[in-house]
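Letter by letter, the chains look like this.
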Amino acid sequence: PLVVDFWAPWCGPCKMMAPAFVRAAAQLEPQIRLAKVDTEAEPELGARYNIRSIPTLALFQGGREVARQAGAIGVADIVRWVRASLV
């Protein structure tokens, strides 16, 4: 599984959530990979995945999106959301 954080450098909530995303990665990896996509630098990816607000977390399993969470959330919420979405 892969969790992608769609974000942008100008986004305040994205900056607030960044440390939580790193701490969540430490708890979830290596079983679950975490990555970030800067929607400013990669606008085609944001469009391809229909990202309407940032930050948005998207969970992919087997190459398909299986869950999505919009808005800044904390470490425990990220970990809980990922684990609940994979069941």
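It should be noted that the structure appears before, not after, this text.
From a predicted model like this one, the values you see are computed outputs, not experimental measurements.

### So, the overall build of the protein chain
When helices and strands are tallied, the protein chain shows 3 helices and 4 strands. At 12 Å, the protein chain has a C-alpha radius of gyration in line with the 12 Å of a compact globule built from 87 residues. Taking the principal axes of its C-alpha atoms as reference, the protein chain extends roughly 30 × 25 × 20 Å. Residue burial in the protein chain is summarised as follows: out of 87 residues, 38% are buried. Nonlocal contacts in the protein chain, meaning residues at least 24 apart in sequence, comprise 66% of its contacts between residues at least 6 apart.

### Here's the deal with the pattern of salt bridges
Tallied over the full model, the rule gives 4 salt bridges. Arg 33 is the partner of Glu 29 in a salt bridge, and the nearest nitrogen-oxygen pair spans 3.8 Å.

### Details of the state of the cysteines
What makes a disulfide is a covalent bond joining the sulfur atoms belonging to two cysteines. One pass over the full model with this rule turns up 1 disulfide. Paired through a disulfide, Cys 11 and Cys 14 show a sulfur-sulfur distance of 2.4 Å. Here the disulfide of Cys 11 and Cys 14 is right-handed, its torsion about the S-S bond being about 80°. Judged on exposure class, the residue Cys 11 and its partner Cys 14 are both buried.

### With respect to unusual backbone geometry
Along the chain, Glu 29 connects to Pro 30 via a cis peptide bond; the corresponding omega equals 10°. Inspection of the secondary structure assignment puts Pro 30 in the loop between helix 1 (12-28) and strand 2 (33-38). Put simply, Ile 54 and Pro 55 share a cis peptide bond, and its omega is 0°. Along the chain, the position of Pro 55 falls in the loop between helix 2 (43-48) and strand 3 (56-61). Non-glycine residue Asn 50 carries a positive phi angle of around 55°. Looking at the element boundaries, Asn 50 is found in the loop between helix 2 and strand 3.

### A word on the sheet that holds strand 2
Read from one edge of the open sheet, 4 strands run 2-1-3-4, paired in mixed fashion. Every interior strand has two partners, whereas the edge strands, strand 2 and strand 4 (64-70), have only one. Direction aside, neighbouring strands of the sheet carry axes that sit 20° apart on average. Contacts between helix 1 and the sheet are confined to strand 1 (2-7), strand 2 and strand 3, with strand 2 contributing the most and set at about 155° to the helix. Together, strand 1, strand 3 and strand 4 form the strand contacts of helix 3 (residues 75-85), whose direction differs from that of strand 3 by roughly 30°.

Quick notes on the rules
- Residues numbered from 1 in each chain as written.
- Predicted model: local features only at pLDDT ≥ 70, side-chain atom pairs only at ≥ 80, totals over all residues.
- Heavy atoms only, no water.
- Helix = DSSP H or I, 4+ residues; strand = E, 2+ residues; numbered from the N terminus.
- Rg over C-alpha atoms; globule rule 2.2 N^0.38 Å.
- Buried < 20%, exposed > 50% of the residue type's maximum accessible area, 1.4 Å probe, protein only.
- Contact = heavy atoms within 4.5 Å.
- Salt bridge = Lys/Arg side-chain N within 4 Å of Asp/Glu carboxyl O.
- Disulfide = S-S within 2.5 Å.
- Pairing = 2+ DSSP bridges.
- Axes fitted to C-alpha atoms, helices over the stretch in contact; angles between N-to-C directions.

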